[in-house]
Amino acid sequence: MENEIFEKAPVPKAFFTMALPVVFSMVISLVYNMVDTYFIARTGNTNLVAGVSLRAPIFTLMIALGDIFGLGGSSVISRLFGEKKDADGKRLSVFCFYGAILCGIVITALMLLFRHPILGLLGADTDTYTYASQYYTWLVLGAPFIIVALTPSNLLRTEGFAKASMIGTILGSVVNIILDPIMIFGLLGCPAMGVTGAAVATVIGQCVAAVVAFTCNHKFNTEIKIRFQGFRPDIKIIGTIYAIGVPSIIMQSIGSVMTYSMNRILIAFSSTATAVFGVYFKLQSFFFMPVFGLNNGITPIIAFNYGAQNRKRMIKTIKLSLITAFCLTFVGFLSFELIPQVLLG
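All figures in this text were calculated on a predicted structure; none of them were measured in a lab. (Residues numbered from 1 in each chain as written. Predicted model: local features only at pLDDT ≥ 70, side-chain atom pairs only at ≥ 80, totals over all residues. Heavy atoms only, no water.)

> Hey, could you go over the overall build of the protein chain for me, with residue numbers and the actual values?
If you tally the helices and strands in the protein chain, you get 14 helices and zero strands. In the protein chain, the succession of helices and strands from N to C terminus is α-α-α-α-α-α-α-α-α-α-α-α-α-α. Taken over C-alpha atoms, the radius of gyration comes to 20 Å for the protein chain, in line with the 20 Å a tight globule of 345 residues would show. In terms of its C-alpha atoms, the protein chain occupies a principal-axis envelope of roughly 60 × 45 × 40 Å. (Helix = DSSP H or I, 4+ residues; strand = E, 2+ residues; numbered from the N terminus. Rg over C-alpha atoms; globule rule 2.2 N^0.38 Å.)

What follows is the structure, given as structure tokens:
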């Protein structure tokens with residue numbers, strides 16, 4: 001385990017070593033989201049853009065569920081490593097991985113079973129239902145991969161392998177970007193699939209991210225091996241995962257509720273209004289998601305030093321992250337106020 005980065009490296013070095021790869025991987029993910037929107041918008045069909053935008057709360061919910069096992073689990077595991085309880089941390093990693101798989105399968109089954117009422121709640125109407133349903137179906141089928149991918153990538157960060165953790169995210173995003181125009185417009189001999197092509201490209205990208213993250217964890221993370229051998233569930237420690245992960249779900253769910261509410265309001269005006277909000281939502285993510293990336297990146301440092309009772313180092317890390325987050329969001333505020341036409345264009 002690379003304890004050096006958690007215990008002895010200067011706080012700024014530890015902070016940026018752990019945080020920047022996560023921020024970079026999130027920015028790449030946002031680029032593929034924008035590319036996805038760009039190619040869909042090139043069809044000239046605002047109903048199609050609006051239908052795809054309606055799926056945003058579902059995707060956010062999947063990420064939030066993945067954070068229970070990824071972010072919540074890695075936080076507890078890092079704390080256990082700080083307390084020198086390495087064996088407990090290793091066993092807990094097994095629960096996080098297989099718990100994420102089970103959660104993804106359950107979510108897929110439930111969302112397919114209740115597809116029609118869920119799409120109605122999201123605001124799909126006669127103009128957008130077909131497009132929303134096509135994208136929704138494939139996105140839900142990919143739920144296990146979307147949820148599971150967050151676990152091995154976060155487990156890598158508990159050992160200090162921040163750069164390795166971003167490999168899966170970047171490769172998955174690159175695959176998505178390449179496949180988008182091919183599958184949407186039918187290039188290189190592929191049939192034109194429209195919104196279905198965009199959804200399939202997204203799911204394939206998420207599958208690649210999950211497989212690569214698992215492979216990197218197996219190769220680089222020698223301390224944590226995802227296998228059942230020696231696994232003994234500890235209800236108290238597992239409860240701690242949910243104590244950390246559930247607030248993350250609540251925070252992200254509030255964002256989903258906001259997006260859902262806005263879509264419901266805007267769809268009453270026109271599908272164009274919903275489409276524009278979908279574009280704005282992705283634009284603002286360029287400033288908010290890096291802040292979430294900072295949070296995910298520094299969590300192992302804070303949790304490790306909390307477990308090691310190194311309060312001074314923990315506080316320094318938190319202060320530096322708050323300053324960095326404020327600077328990022330302030331730049332976002334100025335950008336939207338000064339050049340909104342450029343950004344929306």
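Back to the text.
> Explain the environment of glycine 239 to me, using residue names and the numbers behind them.
Position of glycine 239 relative to the elements: it lies in helix H11 (residues 235–267). Residues glycine 239 and isoleucine 298, 59 residues apart in the sequence, show an inter-C-alpha distance of 22 Å.

> So, the packing of aromatic side chains: which residues are in play, and what are the values?
Evaluated as defined, the whole model comprises seven aromatic pairs. Geometrically, the ring pair formed by phenylalanine 287 and phenylalanine 336 is edge-to-face, given 5.8 Å between the ring centres and 70° between the ring planes. Taken together, the positions of phenylalanine 287 in helix H12 (residues 271–307) and phenylalanine 336 in helix H13 (residues 311–338) put the pair 49 residues apart, joining distant regions of the chain. Accessibility expressed as a relative area gives 19% for phenylalanine 287, which makes it buried. Classification of phenylalanine 336 as partly exposed rests on a relative accessible area of 23%. Through a chain of ring-to-ring contacts, three or more aromatic side chains come together here, namely Phe97, Tyr98 and Phe214. (Phe/Tyr/Trp six-rings, centres within 6.5 Å; stacked < 30°, edge-to-face > 60°. Buried < 20%, exposed > 50% of the residue type's maximum accessible area, 1.4 Å probe, protein only.)

> Describe in detail the pattern of salt bridges, supporting the description with residues and values.
Under the criterion given, the structure shown has two salt bridges. Glutamate 83 serves as the salt-bridge partner of arginine 79, at 3.8 Å between the closest nitrogen and oxygen. For arginine 79, a relative accessible area of 22% translates into the label partly exposed. Here lysine 85 makes a salt bridge to glutamate 83, at a shortest N to O gap of 3.6 Å. Salt bridges linked by common partners bring Arg79, Glu83 and Lys85 together as one network. (Salt bridge = Lys/Arg side-chain N within 4 Å of Asp/Glu carboxyl O.)

> Describe the packing of helix H7 (residues 129–141) against helix H10 (residues 195–220), listing the residues and the values that go with them.
The description of two helices packed together rests on the angle between their axes and the distance between the axes. Across the interface, H7 lies against H10 with an axial gap of 8 Å and an inter-helix angle of 20°. When the axis of H7 is compared with that of H10, the two are roughly parallel. Taken as a pair, H7 and H10 cross one another with a handedness that is right-handed. Within the contact between the two elements, H7 uses Tyr131, Gln134, Tyr135, Trp138 and Leu139 and H10 uses Val195, Thr196, Ala198, Ala199, Val200, Thr202 and Val203. The residue makeup of the contact of H7 with H10, split by class, is nine nonpolar, three polar and no charged. (Axes fitted to C-alpha atoms, helices over the stretch in contact; angles between N-to-C directions. Parallel < 35°, antiparallel > 145°, perpendicular 65-115°, else oblique. Left-handed = near helix turned anticlockwise from the far one by under 90°. Contact = heavy atoms within 4.5 Å. Nonpolar A, V, L, I, M, F, W, Y, C, P; charged D, E, K, R; others polar.)

> How would you sum up the packing of helix H4 (residues 56–82) against helix H5 (residues 86–113)? Please name residues and give values.
At their nearest, the axes of H4 and H5 sit 8 Å apart, and the two run at 170° to each other. With respect to H5, the element H4 is oriented roughly antiparallel. Within the contact between the two elements, H4 uses Ile58, Leu61, Met62, Leu65, Phe69, Gly73, Val76, Ile77, Leu80 and Phe81 and H5 uses Asp86, Asp88, Gly89, Leu92, Ser93, Phe95, Cys96, Gly99, Ala100, Cys103, Ile107 and Met111. Tallied by class, the residues present in the contact of H4 with H5 amount to 16 nonpolar, four polar and two charged.

> Tell me what's going on with a nonpolar patch on the surface, and back it up with residues and numbers.
On the surface, Phe326, Phe330, Phe333, Leu334, Leu338, Ile339 and Val342 cluster together to form a nonpolar patch covering roughly 710 Å² of accessible area. With five residues, H13 is the single largest residue contributor to the nonpolar patch. As for its position among the elements, phenylalanine 333 is in helix H13. By relative accessible area, phenylalanine 333 is classed as partly exposed at 46%. (Patch = residues over 30% accessible without salt bridge, like charges linked within 9 Å, V, L, I, M, F, W, Y side chains within 5 Å. Areas by Shrake-Rupley, 256 points an atom, 1.4 Å probe, with all protein chains shown as cover.)

> Before we move on, can you summarise the side chain of serine 74 with the specific residues and values?
Looking at the element boundaries, serine 74 is found in helix H4. In this structure, serine 74 is in contact with Phe69, Asn154 and Thr158, ignoring residues within four places of it in sequence.

> Quick rundown of the confidence of the model for the protein chain? Include the residues and the values.
Reading predicted coordinates in detail is not appropriate for stretches of low pLDDT. Per-residue pLDDT for the protein chain has a mean of 80; in total, 94% of the residues score no lower than 70. When the elements of the protein chain are averaged for pLDDT, helix H1 (residues 3–7) gives the smallest value, 73, and H13 the largest, 90. (pLDDT = per-residue confidence, 0-100.)

> Account for H7, naming residues and giving values.
In this model, H7 (13 residues) spans 18 Å end to end at C-alpha, consistent with the 18 Å of a helix rising 1.5 Å per residue. What H7 keeps buried is the set Ala132, Ser133, Tyr135, Tyr136, Thr137, Leu139 and Val140. (Expected span 1.5 Å × (residues − 1).)

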